[in-house]
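# Architecture and fold: a report
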Amino acid sequence: MAYSRLSVARFYEKEPEAYWALSRDRDFDAQIAAAVSLLGNEPRAVADLFAGPAYHGAALRRRFAACDVVAIDASPAMRDVAARFEGFPAENYFVSPLGEGRTWPVRSPLCMALILRYSIGYLDDDQFITFLSTVHDALRPGGLVLIELHSIPLLFGGLQDLGIKSRTVEIDGRRITCEWPDGPLMWRSDSWTVEMPLTVSWAEKTGALRDEKYLSIERIYSEREIVVAASRCFGLEQVEIGETERAAFPDGELVCLRRPDA
Ligand SMILES: C[S@@+](CC[C@H](N)C(=O)[O-])C[C@H]1O[C@@H](n2cnc3c(N)ncnc32)[C@H](O)[C@@H]1O
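To start, this report covers the structure provided alongside it.

Calculation notes
Residues numbered from 1 in each chain as written. Predicted model: local features only at pLDDT ≥ 70, side-chain atom pairs only at ≥ 80, totals over all residues. Helix = DSSP H or I, 4+ residues; strand = E, 2+ residues; numbered from the N terminus. Buried ≥ 20, exposed ≤ 12 C-beta atoms within 10 Å, placed from the backbone. Axes fitted to C-alpha atoms, helices over the stretch in contact; angles between N-to-C directions. Parallel < 35°, antiparallel > 145°, perpendicular 65-115°, else oblique. Left-handed = near helix turned anticlockwise from the far one by under 90°. Contact = placed C-beta atoms within 7 Å. Nonpolar A, V, L, I, M, F, W, Y, C, P; charged D, E, K, R; others polar. Near = placed C-beta within 6 Å. Core = buried A, V, L, I, M, F, W, Y, C linked by C-beta atoms within 7 Å. Pairing = 2+ DSSP bridges. Expected span 1.5 Å × (residues − 1). Right-handed = clockwise from strand over helix to strand, strands pointing away.

## Considerations on the overall build of the protein chain
Along the backbone of the protein chain there are 9 helices and 13 strands. Seen through its C-alpha atoms, the protein chain measures out along the principal axes to roughly 60 × 45 × 35 Å. Classification of the 262 residues of the protein chain by burial places 37% in the buried group.

So this is what it looks like as structure tokens:
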């Protein structure tokens with residue numbers, strides 16, 4: 001199966017509009033309210049990392065007009081979608097691969113870095129540590145990192161009970177369907193890495209049908225593993241998350257870290 005499928009990176013690069021339409025399945029305002037409640041004060045500088053359409057960055061800008069929000073993602077097409085559909089300013093959206101140790105185009109110390117919807121798994125072990133180091137350095141003392149991970153019990157059930165496993169949306173008369181996963185998860189034998197097959201289908205107004213099959217290869221990080229690495233390597237502290245904040249992210253597990261006050 002692995003060889004007949006395109007990398008999911010191609011979906012993010014070539015079909016960002018489909019991603020945008022399919023992944024608006026959350027209450028972004030509630031998710032931002034939860035993140036801000038963990039922060040405990042009004043956000044001034046936030047980075048939406050692995051931003052995709054920058055739903056969260058855009059929700060932050062709507063709620064906190066004075067907040068300097070940057071978005072970063074590897075896909076230039078996502079920047080265009082963020083501007084077109086979310087009104088997120090292209091000049092605040094940086095196209096750059098994260099985890100590669102490149103210069104971080106952040107303008108002021110961050111009070112919060114958001115890494116939402118399972119994106120951290122696109123970094124391998126080395127990239128993850130490089131990334132955490134970059135995030136740590138970008139945070140102001142007291143600043144937070146909020147990461148949304150896959151739920152490990154759901155993964156062990158093959159994601160069959162994932163709330164967003166099957167999604168269908170309609171835009172401009174086209175029907176787009178996504179099955180994620182569309183078959184068994186394939187675990188690698190030498191690391192906590194999983195290959196997830198998925199299909200996106202388009203039914204055009206004309207009746208024409210198109211299917212694309214992709215593979216999302218993700219390193220699965222546990223909450224505990226992130227907390228230990230972040231604390232041992234960079235002195236970040238775990239922040240307790242209440243049920244109300246967790247409830248805003250029904251399909252994932254949240255982990256929150258704080259850079260200690262100086
Ligand atoms: C699952 S989407 C998440 C998007 C958004 N955060 C959300 O909540 O819907 C993952 C995003 O990460 C981006 N991405 C994957 N690997 C990346 C990397 N190494 N550096 C930067 N962006 C990356 C993809 O282009 C895609 O937009």
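## Things to note about the packing of helix H6 (residues 125-138) against helix H8 (residues 223-234)
Remark: H6 packs on H8, axes separated minimally by 11 Å, with the N-to-C direction vectors making an angle of 60°. Judged by the angle between their axes, H6 and H8 are oblique. The interaxial crossing formed by H6 with H8 has right-handed handedness. From H6, Ile129, Leu132, Ser133 and His136 reach across to H8, where they touch Ala229, Ala230, Cys233 and Phe234. Considered class by class, the residues forming the contact of H6 with H8 number 6 nonpolar, 2 polar and no charged.

## Let's talk about the environment of Phe156
You can see Phe156 is positioned in helix H7 (residues 152-156). In this structure, the C-alpha to C-alpha distance between Phe156 and Leu185, residues 29 residues apart in sequence, is 9.1 Å.

## Brief notes about the site of the ligand
Near the ligand lie 17 residues; those nearest to it are Tyr12, Phe50, Gly52, Ala74 and Arg117. When its residues are assigned to classes, the shell around the ligand shows 10 nonpolar, 5 polar and 2 charged.

## Considering the nonpolar core
Within the largest apolar cluster, 68 residues are counted, with the highest numbers of intra-cluster contacts made by Met112 and Ala113. The residues touching Ala113, leaving out its near neighbours within four places in the chain, are Ala47, Leu49, Val135, Ala138, Leu139 and Val145.

## Here we look at the sheet that holds strand S2 (residues 45-49)
In space, the 7 strands of this open sheet follow the order S4-S3-S2-S5-S6-S13-S12, with mixed pairing throughout. At either end of the open sheet lies a strand with only one pairing partner, and these are strand S4 (93-95) and strand S12 (237-238). The pairing of S2 with strand S5 (residues 110-115) spans 4 bridges and is classified as parallel. Along S5, the bridge assignment pairs Val46 with Met112. Here H8 sits on the sheet in contact with strand S6 (139-149), S12 and strand S13 (253-258), set at roughly 10° to S13.

## Considering helix H3 (residues 28-39)
Compared with an ideal rise of 1.5 Å per residue, which puts 12 residues at 16 Å, H3 spans 17 Å between its outermost C-alpha atoms and is within 8% of the ideal. Turning to H3, its buried residues are Gln31, Ile32, Ala34, Ala35, Val36 and Leu39. Elements in contact with the buried residues of H3: helix H4 (55-63), S5, S6 and helix H9 (243-247). Remark: Gly40 follows H3 within two positions and exhibits a positive phi of approximately 85°.

## Topic: the environment of Tyr122
Position of Tyr122 among the secondary structure elements: in the loop between S5 and H6. Linking Tyr122 and Trp192, residues 70 residues apart in sequence, is a C-alpha distance of 12 Å. Filtering out sequence-adjacent residues up to four positions away, Tyr122 remains in contact with Phe50 and Glu218.

## Topic: unusual backbone geometry
In this chain, Trp180 is followed by Pro181 through a cis amide linkage whose omega measures 5°. The residue Pro181 is located in the loop between strand S8 (174-179) and strand S9 (186-187) in this model. Positive phi values are uncommon outside glycine, yet Arg117 reaches one of about 55°. Of note, Arg117 is situated in the loop between S5 and H6.

## Observations concerning the pairing of strand S3 (residues 68-73)
Counting buried positions over the 6 residues of S3 gives 5, a clear majority of the element. Where S2 meets S3, 5 bridges bridge the pair, whose relative direction is parallel. Paired with Asp48 across the two strands is Ala71, which belongs to S3. One crossover worth recording links S2 to the parallel S3 by way of H4, and it is right-handed. Two elements, S3 and S4, share 3 bridges in a ladder whose sense is parallel. Paired with Asp73 across the two strands is Val95, which belongs to S4.

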